[in-house]
Amino acid sequence: MRDKEVVIPRIRGKARLVVLVSGSGTNLQAIINAVDKGSLRAEIKAVVADRKCYAVERALKRGIPAYIVERGALSRESHEREILKIIRLADPHLIVLAGYMLLLSKSFVKKFRYKIINIHPALLPAFPGTHGYEDAWEYGVKVSGCTVHFVDEEMDHGPIIIQKPLLVREDDTLESFKKRGLRNEHIAFPKAIKMFIEGRLVIKGRRVAITGKAGR
Ligand code: GRF
């Protein structure tokens, strides 16, 4: 059977984003900065964290409603149900996973097909999982990078929107490699979000075609 084409429509006016986080929130900051600069025609309606983390402080500092929904003793379903309440209120065009460390359930993903994107700190399908930088470094790769992809039911697996490579330098340490890697992510992620908002993505099976020209 041939894959059906899915065209992501251009969003009129400001795109509503919900950003899910678990960590220091440097990617969230890159998105906030892109919004503030006017290069992303979007509004971050809510930031949701599954734990106390610096990302929440970044959101609050910028006046973005931020919520901590700890998993604690909750089942995955009940935890996601709480998060869903916030998401439904925000009614986002796009859910952005910016260092969110929990795996979303299949039913959650199904509700938001092609409306969730994630950034992974390696060139998928290499080094999936939670330690992209460390695993790539340990393996001794000469080139790594990051991947922004749609989220599907499998971990670090959905159709790829952007991959931005990064060369490993002879004098790199894991720390310097990670540091440059994060800076690389901060360029790729807003760029992919912008393409989504501008309706430039067409998905056919695993392949995401990028159409048209970038807006200002
Ligand atoms: C990033 O490396 C991201 O690719 C990974 O988790 C890290 C999050 O960093 N999924 P930050 O919280 O955005 O600083």
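One structure accompanies this document, and this report is about it.

**Notes on the site of the ligand**
Part 1 of the argument: The ligand sits among G23, S24, G25, T26, N27, G99, I119, P121, Y133, L182 and E185.
Part 2 of the argument: At 2.7 Å, a side-chain N or O of S24 approaches an oxygen atom of the ligand.
Part 3 of the argument: In this structure, N27 approaches the ligand through a main-chain N or O atom, which is 2.9 Å from an oxygen atom.
Part 4 of the argument: If the ligand stood free it would expose 370 Å²; the protein chains cover 85% of that surface.
Part 5 of the argument: Only α1 (26-37) and α6 (174-197) provide two or more residues apiece to the shell around the ligand.

**Description of helix α2 (residues 54-61)**
Part 1 of the argument: Considered for burial, the residues of α2 that qualify are A55, V56, R58 and A59. Seen along its axis, α2 keeps its buried residues to an arc of 160°; they face one direction. For α2, exposure combined with an orientation more than 90 degrees from the buried face picks out L60 and K61.
Part 2 of the argument: The inward-facing, buried residues of α2 abut β2 (15-21), α1, β3 (42-49) and β4 (66-68).

Each value, and the rule that gives it
Residues numbered from 1 in each chain as written. Predicted model: local features only at pLDDT ≥ 70, side-chain atom pairs only at ≥ 80, totals over all residues. Heavy atoms only, no water. Near = heavy atom within 4 Å. Polar contact = N/O pair within 3.5 Å; in protein donor to acceptor, adjacent residues only side chain to side chain. Areas by Shrake-Rupley, 256 points an atom, 1.4 Å probe, with all protein chains shown as cover. Helix = DSSP H or I, 4+ residues; strand = E, 2+ residues; numbered from the N terminus. Buried < 20%, exposed > 50% of the residue type's maximum accessible area, 1.4 Å probe, protein only. Arc of directions from axis to C-beta. Contact = heavy atoms within 4.5 Å.

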